[in-house]
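# Observations on chain architecture
Listed below are the residues making up each chain.
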Amino acid sequence: MEFKEVVKSRRSCRAFEPDPVPQDQLAAIMEAGQWAPSPMNALPWEYIIITDAKVKAQIREVSEAAKQAVLDGGGPGFAAKYDMTFLEQAPVIIAVVFDPTKKGLGDFFNQKHGALQAASACVENMMLAAAEYGLGTLWFTWFDPEKMQAALNIPENLEIAAIIPLGKPKGDVKAPPRPEPRIHCEGFAAPV
Ligand SMILES: Cc1cc2nc3c(=O)[nH]c(=O)nc-3n(C[C@H](O)[C@H](O)[C@H](O)COP(=O)(O)O)c2cc1C
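Residue indices follow the written sequence of each chain, beginning from 1 at its first position. In keeping with the model being predicted, local features are shown solely for residues with a pLDDT of at least 70 and side-chain atom pairs are shown and tallied solely at 80 or more, while totals for entire chains, interfaces and linings include all residues. Side-chain calculation: all heavy atoms of the structure are included, whereas hydrogens and water are not.

### Focus on helix α2 (residues 23–34)
Secondary structure elements are taken from DSSP: a helix is a run of H or I of four residues or more, a strand is a run of E of two residues or more, and numbering for both begins at the N terminus. Between the first and last residue of a helix there are one fewer steps than residues, each counted as 1.5 Å, and that sum is the expected span. Along its 12 residues, α2 runs 17 Å from first to last C-alpha, staying within 8% of the 16 Å computed at 1.5 Å per residue. Working definition: with a 1.4 Å probe on protein chains only, accessible area under 20% of the residue-type maximum means buried, over 50% means exposed, and in between means partly exposed. Listed as buried for α2 are Q25, L26, I29, M30, A32 and G33. For α2, the angular spread of the buried residues around the axis is 150 degrees, confining them to a single face. Across α2 from its buried face, at more than 90 degrees, point the exposed residues Q23 and D24. For α2, the elements touching its buried residues are β1 (45–50), β2 (92–98), α6 (114–132) and β4 (159–167). An arc is given here, and it is the one of the directions from the helix axis to the C-beta atoms. Note on definitions: a residue-residue contact is assigned when non-hydrogen atoms from the two residues lie within 4.5 Å.

If you want it as structure tokens, here you go:
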């Protein structure tokens, strides 16, 4: 697949077939993650691979609680219809965690998010690599991070960048619209 096609074919996938993800593809997806940029090449991320139904059920439980919190707090109506079955349906879930202290020189000039930025680049690399194999992914964050850390035994000094369900997409996923880029020239001003 051409790069442009890979980028455009990546779609947030919220329904999966049960087919297992081949090990070589899973390895290649994580290798793509390793090639993401990071401050001083600190590679602040690590991966947790989840295939056990019991662990997936715990992930869903923590996420359903977050959905309930949105509903109880009068959040947007779509939340009631948001079906989290995919968290148990996806054959694999990859959690990407990172060490927020691995942020390069940012502390010297008030830039605090280098590690999260790097972990996010890692997540996107992985999602694009998955798209090349025709696999669906979702950058999933609808959970209380503390509760998800506890469910996955993640040490307190690390943070979660994303929970990524991964597998063969079930059905077609429609692309949400993408407007034209908002561009400014030579500094921020009214868009051209
Ligand atoms: C940081 C981040 C967090 C996201 N969290 C969620 C989430 O918790 N649940 C979800 O369904 N989608 C989540 N998304 C996916 C977005 O909804 C999705 O990328 C957007 O609607 C555009 O659709 P597309 O990815 O198919 O192009 C998240 C995306 C990002 C980048």
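### Some details on helix α3 (residues 53–72)
With 20 residues, α3 should reach 28 Å at 1.5 Å per residue; the first-to-last C-alpha distance of 28 Å fits that figure. Buried within α3 we find K56, I59, V62, S63, A66 and K67. Down the axis of α3, the sector holding all buried residues measures 145 degrees, keeping them to one side. In α3, the exposed positions angled more than 90 degrees off the buried face are occupied by A53, K54, E61 and D72. Turning to α3, the residues buried within the fold contact β1, α4 (78–81), α5 (86–89), β2, α7 (145–151) and β4.

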